[in-house]
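Summary of the model geometry
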There are 4 protein chains.
Amino acid sequence: MTKNRLEAFSDGVLAIIITIMVLELRAPQGVEIGALKPLLPVFLSYVLSFLYLGIYWNNHHHLLHTVHHVSGGILWANLYLLFWLSLFPFATAWIGENHIAPTPTAVYGFILLMAAMAYYILQRAIIAKQGRASLLAAAIGSDWKGKISPVLYLAAIPLSFVHPWIGHGLYVFVALLWLIPDRRIERALANREA
Amino acid sequence: MTKNRLEAFSDGVLAIIITIMVLELRAPQGVEIGALKPLLPVFLSYVLSFLYLGIYWNNHHHLLHTVHHVSGGILWANLYLLFWLSLFPFATAWIGENHIAPTPTAVYGFILLMAAMAYYILQRAIIAKQGRASLLAAAIGSDWKGKISPVLYLAAIPLSFVHPWIGHGLYVFVALLWLIPDRRIERALANREA
Amino acid sequence: MTKNRLEAFSDGVLAIIITIMVLELRAPQGVEIGALKPLLPVFLSYVLSFLYLGIYWNNHHHLLHTVHHVSGGILWANLYLLFWLSLFPFATAWIGENHIAPTPTAVYGFILLMAAMAYYILQRAIIAKQGRASLLAAAIGSDWKGKISPVLYLAAIPLSFVHPWIGHGLYVFVALLWLIPDRRIERALANREA
Amino acid sequence: MTKNRLEAFSDGVLAIIITIMVLELRAPQGVEIGALKPLLPVFLSYVLSFLYLGIYWNNHHHLLHTVHHVSGGILWANLYLLFWLSLFPFATAWIGENHIAPTPTAVYGFILLMAAMAYYILQRAIIAKQGRASLLAAAIGSDWKGKISPVLYLAAIPLSFVHPWIGHGLYVFVALLWLIPDRRIERALANREA
């Protein structure tokens, strides 16, 4: 039951974050199709952040699936993750309004990096509670995606000052990497049931 | 349990989408009854979108009722549907502020079309998981509503440039068509229990 | 399960309605305590609407408690109620910004009236599903509160044009009337269990 | 079930409160890193309020854990708590925009004080329902945190007029005090199960 409430609260926060970003997509003044053109970067940054939040929701969902007892540490690690995710609407609005500017692109990468680290902390808090021999520890295994993502975000920060499109390219690349759902946990669960 | 979280997240997103649209209904400056008059198109477009989101929630509710196991494909098909539904507040604001303009009316139809296609993809993802002989596949049957709606949205896009009222008329017509709740699934469920 | 989702969606919509009203309470420019003074009517109208939405949530909670099977009619009656409740933030903002103006006060009363009628329709839809001998039908009994409230809202509409404070006085009076939680259903449930 | 809905509604309201505060963090006009500097006080006040709402969610979660039957008194005490918490976005925006001003700092302390008192009332309402020998009454025990917090908020109100940083210092101090999760209830539950 404790876990249900953690999931419900996380779902609520994620649902609100994902939805309030759309408030940034303001109806244009004009009524011609051309009036939508200046909204294109806002729309594209919305799509990117929607993807990232969808990935986080999806992985969070799998991650919590392995949890039975929620400790205080897990509660706070989860809130810490939600904190960094709650900054997505801000960063999305900033890159959307100034798409090819280096600093907003780098700041977006910084928030992605902090969220990835918060997710890692949450994983550790769950494994610490379950013990090293836990299902989650086995499922994660070498976790190359979880290891390469922060490296790419970290690289994107300075590279955004070389050219912002390098940063955006890296963010899209990592998102596509994760879009393939995390079958490791599903497989480990299936193996155990077998 | 997995399914519960999918429903809870979808309910959260739909509840927020349906409610933030009302933020567009800003309190007028004047205090006379006439001050409400310029709000009328905003109000009517709110009513139309509220109806559509109510219909989607209603049908989504019936659709998920038939699901037992949630695959990665279903998760992402569901997020893809929520993405297009999340653009309703934008499109609603645009038609509300410029009610009889052709382009906003056509763009509204485009978003309705994409949402209808996303709903279709979600149906297919569920049937793919359950097999062709599934309860849902039987319940949907010929699905004339699901087939005629996208055709009417598609027709509404060019016809909005002939006259925007044709587009609006078609949107209202399709909404009324769906307002009659989808008893096919209810009936198939009842038959099986019998 | 069907009922759970109806409750979850209603809770989500009510939670959002109740919370977005606070966005109208904008931080003032000044930093003196006097800077809060112009916010007082906005604050008071927020308190009034918070009370009303709390009452609706509370009564909705008791009402749904008696439901076992959710029909299409109940789903749509519930959405119709949520529609009128979703107009509270608009009406609250309008009276908050122009507290003693007659028309906004009357419009607030109109929305209260429509919500009360929608609640009545929802009650009827539930009783229609359960049959006249249902627990809810017995619990509601003579329902003097449910009968007197719309009459008082209806009276408040023209009386707001005599003086807006009469309207506000009536709204506060009805809210206080309902603040006493609806023990009728609780009692009927307790009697049955005994 | 009744309790589930109380938790779900509270989670919804808390999730929305915590998330709409981020709307105050508006994307700056400039695209240089210096453009973020004026946002720093807004960001810090967001962090502080996020912490407080996280603490309230966490403690609320533990508090409700001990409840089996929800009375009308508990419902209304809970709504009263949510009311004061719903004023956090307002107070956060006011201190964020004028960080070192005395009055906003004092008003923030006043809202913290009222929320703390509302939480105390909710505790009492639950104990009143369960009886003095209840699990919660035992778990709370001397409750030094719950007693010292309102005293510190009360002190912070006049001291904010001496210097606003004293107020902010006290708010941060109390938040850190609570960040250590409330193990009293966890321990009492564990003892009982043993």
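Residues numbered from 1 in each chain as written. Chains lettered and ligands numbered in written order. Predicted model: local features only at pLDDT ≥ 70, side-chain atom pairs only at ≥ 80, totals over all residues. Heavy atoms only, no water.

**Observations concerning the overall build of chain A**
When you go through chain A residue by residue, the secondary structure sums to 9 helices and 0 strands. Reading the secondary structure of chain A in the N-to-C direction produces α-α-α-α-α-α-α-α-α. Counting across all 194 residues of chain A, residues that qualify as buried make up 62%. If you take every contact in chain A between residues at least 6 apart in sequence, the share linking residues at least 24 apart comes to 79%. When the accessible surface of chain A is split by element, carbon and sulfur atoms take 69% of a total near 7800 Å². (Helix = DSSP H or I, 4+ residues; strand = E, 2+ residues; numbered from the N terminus. Buried < 20%, exposed > 50% of the residue type's maximum accessible area, 1.4 Å probe, protein only. Contact = heavy atoms within 4.5 Å. Areas by Shrake-Rupley, 256 points an atom, 1.4 Å probe, with all protein chains shown as cover.)

**Quick notes on the relation of the copies chain C and chain D**
Of the transformation placing chain C onto chain D, the axial shift is 0.0 Å and the rotation is 90 degrees, giving an RMSD of 0.0 Å. Taken together, the turn and the small shift mark the pair as related by a four-fold rotation axis. Closest approach to the rotation axis within chain C is made by the C-alpha atom of C:G12, at a distance of 4.3 Å. Interface overlap between copies: only 3% of the residues of chain C at the interface are likewise at the interface in chain D, consistent with a contact formed by different surfaces. (Least-squares fit on C-alpha atoms with pLDDT ≥ 70 in both.)

**Notes on the confidence of the model for chain A**
All names here are of chain A. Overall, the predicted model of chain A reaches an average pLDDT of 86, with 85% of residues at or above 70. Confidence, expressed as mean pLDDT per element, reaches its minimum in chain A at helix α9 (residues 183–193) with 61 and its maximum at helix α3 (residues 72–86) with 93. Note on the complex model: pTM 0.89, ipTM 0.86. (pLDDT = per-residue confidence, 0-100.)

**Here's the deal with empty space enclosed by the protein**
Evaluated as defined, the whole model comprises 6 cavities of 30 Å³ or more. What lines the largest cavity is A:I16, A:I20, A:L23, B:I16, B:I20, B:L23, C:I16, C:I20, C:L23, D:I16, D:I20 and D:L23. Of all the secondary-structure elements, those providing two or more residues to the lining of the largest cavity are α1 (2–20) of chain A, α1 (2–20) of chain B, α1 (2–20) of chain C together with α1 (2–20) of chain D. Looking at side-chain class alone, the lining of the largest cavity contains 12 nonpolar, no polar and no charged residues. (1 Å grid on protein atoms, 1.4 Å probe; cavity = no way out; pocket = protein on both sides within 12 Å on 5 of 7 lines; lining within 4 Å. Points joined across faces, edges and corners; volume = space filled by probe spheres on them. Nonpolar A, V, L, I, M, F, W, Y, C, P; charged D, E, K, R; others polar.)

**A short note on the environment of C:V22**
With respect to the helices and strands, C:V22 occurs in the loop between α1 and α2 (40–65). By relative accessible area, C:V22 is classed as buried at 2%. Setting aside anything within four residues of it in sequence, one finds C:V22 in contact with C:Y46, D:I20, D:S86, D:L87 and D:P89.

**Overview of the interface of chain C and chain D**
The interface of chain C with chain D comprises 39 residues on the first partner and 29 residues on the second. Buried area between chain C and chain D, summed over both chains or domains, comes out near 2900 Å², and the portion from carbon and sulfur atoms is 74%. Counting the surface chain C buries against chain D, the share from its top three residues, C:V31, C:W57 and C:H61, is 21%. Our count for the chain C to chain D interface comes out at 2 salt bridges. C:D11 serves as the salt-bridge partner of D:R5, at 2.8 Å between the closest nitrogen and oxygen. In this structure, the connection of chain C to chain D is made through 6 residue pairs in polar contact (both at pLDDT 80 or more). Here the side of chain C that touches chain D takes 14 residues from α2(C), the largest share from any one element. In terms of residue class, the side of chain C that touches chain D is built from 24 nonpolar, 10 polar and 5 charged. (Buried area = accessible area lost by both parts, 1.4 Å probe. Salt bridge = Lys/Arg side-chain N within 4 Å of Asp/Glu carboxyl O. Polar contact = N/O pair within 3.5 Å; in protein donor to acceptor, adjacent residues only side chain to side chain.)

**Focus on the interface of chain A and chain D**
Facing the 30 residues of chain A at the interface are 39 residues of chain D. Buried area between chain A and chain D, both sides added, is near 2900 Å², and the carbon and sulfur share of it is 74%. On the chain A side of the interface with chain D, the three residues burying the most area are A:R5, A:F9 and A:W76, jointly 28% of the side's total. D:E7 is the partner of A:R5 in a salt bridge, and the nearest nitrogen-oxygen pair spans 3.8 Å. At the boundary of chain A and chain D, one finds 6 residue pairs in polar contact (both at pLDDT 80 or more). Breaking the side of chain A that touches chain D down by element, the ones donating at least two residues are α1, α3, α4 (88–97) and α5 (102–130) of chain A. The leading source of residues in the side of chain A that touches chain D is α1(A), at 10 residues. Here the residues of the side of chain A that touches chain D are counted per class, giving 22 nonpolar, 6 polar and 2 charged.

**Let's talk about the relation of the copies chain A and chain D**
Once chain A is rotated about the relating axis by 90 degrees and shifted along it by 0.0 Å, it coincides with chain D to within an RMSD of 0.0 Å. The two copies present different faces, since only 7% of the interface residues in chain A are matched by interface residues at the equivalent positions in chain D.

**Focus: the packing of α3(A) against α5(A)**
The angle between the axes and the distance between the axes are what describe a pair of packed helices. All names here are of chain A. For the pair α3 and α5, the least separation of the axes is 8 Å and the interaxial angle reads 165 degrees. Between α3 and α5, the angle is such that the two are roughly antiparallel. The handedness of the crossing between α3 and α5 comes out as left-handed. Here G73, I74, A77, N78, Y80, L81, W84 and L85 of α3 come into contact with α5, specifically with F110, I111, M114, A115, A118, Y119, I121, L122, A125, I126 and K129. (Axes fitted to C-alpha atoms, helices over the stretch in contact; angles between N-to-C directions. Parallel < 35°, antiparallel > 145°, perpendicular 65-115°, else oblique. Left-handed = near helix turned anticlockwise from the far one by under 90°.)

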